[in-house]
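Results of the structural survey
Take a look at the letters that make up each chain.
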Amino acid sequence: MLFPPGYLGTATAAVARLDRPASRSPLMVPEGADAEAVRGVLDLLEGEYRAVSGPLEAHVEVVRHLVAVLVLRLAHLPGAQSGDTAASEAFRRFQQAVERDYTHTHRVEDYAARLGYSVRTLTRATRATAGCGAKRFIDDRVLLEAKRLLVHTDLSATAIGERLGFPDATVFTKFFRRRAGETPAGFRTRASGTRH
């Protein structure tokens with residue numbers, strides 16, 4: 001889940017420890033009372049997202065607060081917090097660099113050189129903290145942004161590919177098809193059909 005800095009507010013970010021790297025198992029399945037609490041928040045969030053009523057500003061604020069509740073619930077599940085180690089520090093720096101530069105480079109080597117780590121160190125740190133390799137972490141972020149732009153803008157696939165740092169539309173389409181299992185146009189059509 002990605003949102004801009006300040007979206008949840010300072011107090012929520014501090015209590016949820018959003019400044020720390022993601023846990024090794026970011027998609028852990030809660031059990032028992034934790035599962036019921038998370039499911040309840042997800043149901044409310046989905047209902048509010050689908051049913052825009054009243055002023056748009058109020059709707060946006062309700063969604064923001066429900067996202068804050070969900071983040072706080074997930075942040076405090078058993079095992080959700082990772083320890084402070086050299087690997088988590090390397091990952092934290094890598095994660096920040098990816099967030100800043102994923103539209104400019106998709107190569108682990110470039111991040112490693114800028115951060116002063118070896119590719120192997122970044123890959124190990126990312127695997128230990130996020131559960132995947134460094135290249136996949138970069139590609140996941142690029143794919144997430146591509147999907148966001150396809151769903152929430154009218155930009156062409158070519159324009160989205162350019163915005164995300166691909167040399168041409170063919171390379172972007174091949175990347176998207178390999179990672180998402182369908183073309184950008186197919187994803188946009190399917191996603192717009194599920195929003196109605």
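Residues numbered from 1 in each chain as written. Predicted model: local features only at pLDDT ≥ 70, side-chain atom pairs only at ≥ 80, totals over all residues. Heavy atoms only, no water.

Looking now at the overall build of the protein. Along the protein, the regular secondary structure elements total 10 helices and zero strands. The linear arrangement of helices and strands in the protein, starting from the amino end, is α-α-α-α-α-α-α-α-α-α. Every one of the 196 residues in the protein was classed for burial, and the buried ones make up 33%. Residue pairs at least 24 apart in sequence account for 66% of intrachain contacts in the protein once pairs closer than 6 positions are excluded. Carbon and sulfur atoms make up 56% of the accessible area of the protein, which totals about 11,800 Å². (Helix = DSSP H or I, 4+ residues; strand = E, 2+ residues; numbered from the N terminus. Buried < 20%, exposed > 50% of the residue type's maximum accessible area, 1.4 Å probe, protein only. Contact = heavy atoms within 4.5 Å. Areas by Shrake-Rupley, 256 points an atom, 1.4 Å probe, with all protein chains shown as cover.)

Another point: the confidence of the model for the protein. The share of residues in the protein with pLDDT of 70 or more is 85%, and the mean pLDDT across the chain is 84. A low-confidence stretch, residues 23-27 (pLDDT under 50), is modelled with 11 contacts involving residues beyond four sequence positions or located in other chains. (pLDDT = per-residue confidence, 0-100.)

Applying the stated criterion across every chain, the model contains 15 salt bridges. A salt bridge links Arg190 to Glu182, with the shortest nitrogen-to-oxygen separation between them at 2.6 Å. Since its relative accessible area comes to 46%, Arg190 is described here as partly exposed. One network of salt bridges, with partners in common, ties together Glu99, Arg141, Glu145 and Arg148. (Salt bridge = Lys/Arg side-chain N within 4 Å of Asp/Glu carboxyl O.)

Over its 19 residues, helix α7 (residues 134-152) extends 27 Å from the first C-alpha to the last, a length consistent with the 27 Å expected when each residue adds 1.5 Å. Taken residue by residue, α7 has Ala134, Phe137, Ile138, Asp139, Arg141, Val142, Leu143, Glu145, Ala146, Leu149, Leu150 and Val151 as its buried positions. (Expected span 1.5 Å × (residues − 1).)

What follows is about a nonpolar patch on the surface. A contiguous nonpolar patch, built from Val52, Leu56 and Val60 and spanning about 260 Å² of accessible area, is present on the exposed surface. Secondary-structure assignment places Val52 in the loop between α2 (32-50) and α3 (56-75). Judged by its relative accessible area of 52%, Val52 falls in the exposed class. (Patch = residues over 30% accessible without salt bridge, like charges linked within 9 Å, V, L, I, M, F, W, Y side chains within 5 Å.)

Remark: α7 packs on helix α9 (residues 169-180), axes separated minimally by 11 Å, with the N-to-C direction vectors making an angle of 105°. Taken together, the axes of α7 and α9 lie roughly perpendicular to each other. Residues Arg136, Asp139, Asp140, Val142, Leu143, Ala146, Lys147 and Leu150 of α7 lie in contact with α9, whose contacting residues are Phe172, Phe175, Phe176, Arg179 and Ala180. Among the residues making up the contact of α7 with α9, the classes are represented as eight nonpolar, no polar and five charged. (Axes fitted to C-alpha atoms, helices over the stretch in contact; angles between N-to-C directions. Parallel < 35°, antiparallel > 145°, perpendicular 65-115°, else oblique. Nonpolar A, V, L, I, M, F, W, Y, C, P; charged D, E, K, R; others polar.)

On to the packing of aromatic side chains. Per the counting criterion, the structure on display carries seven aromatic pairs. With 5.1 Å between their ring centres and 45° between their planes, Phe166 and Phe175 make a pair best called tilted. By the burial criterion, Phe166 is buried, and Phe175 matches it. Residues Phe172 and Phe176 carry aromatic rings whose centres are separated by 6.0 Å and whose planes lie at 55° to one another, so their mutual orientation is tilted. Note that Phe172 and Phe176 are positioned in helix α9 at a spacing of four residues, about one turn of the helix. Owing to a relative accessible area of 0%, Phe172 belongs among the buried residues under this scheme. We classify Phe176 as buried; its relative accessible area is 0%. (Phe/Tyr/Trp six-rings, centres within 6.5 Å; stacked < 30°, edge-to-face > 60°.)

This brings us to the side chain of Asp139. Residue position: Asp139 is located in helix α7. Using a relative accessible area of 6% as the deciding quantity, one classes Asp139 as buried. Apart from the residues lying within four places of it in its own chain, the contact partners of Asp139 are Phe175 and Arg179.

Next up on the list: the nonpolar core. If you look at the biggest cluster of nonpolar residues, it comprises 31 residues, and the most contacted ones within it are Phe94, Tyr111, Leu122 and Leu164. Looking at this core, the elements that each hand over two or more residues are α4 (86-101), α5 (108-115), α6 (119-130), α7, α9 and α10 (184-195). It is α7 that provides the largest number of residues to this core, a total of nine residues. If you look at the next biggest cluster of nonpolar residues, it comprises 13 residues, including Ala16, Val67, Ala68 and Ala75. (Core = buried A, V, L, I, M, F, W, Y, C linked by side-chain atoms within 4.5 Å.)

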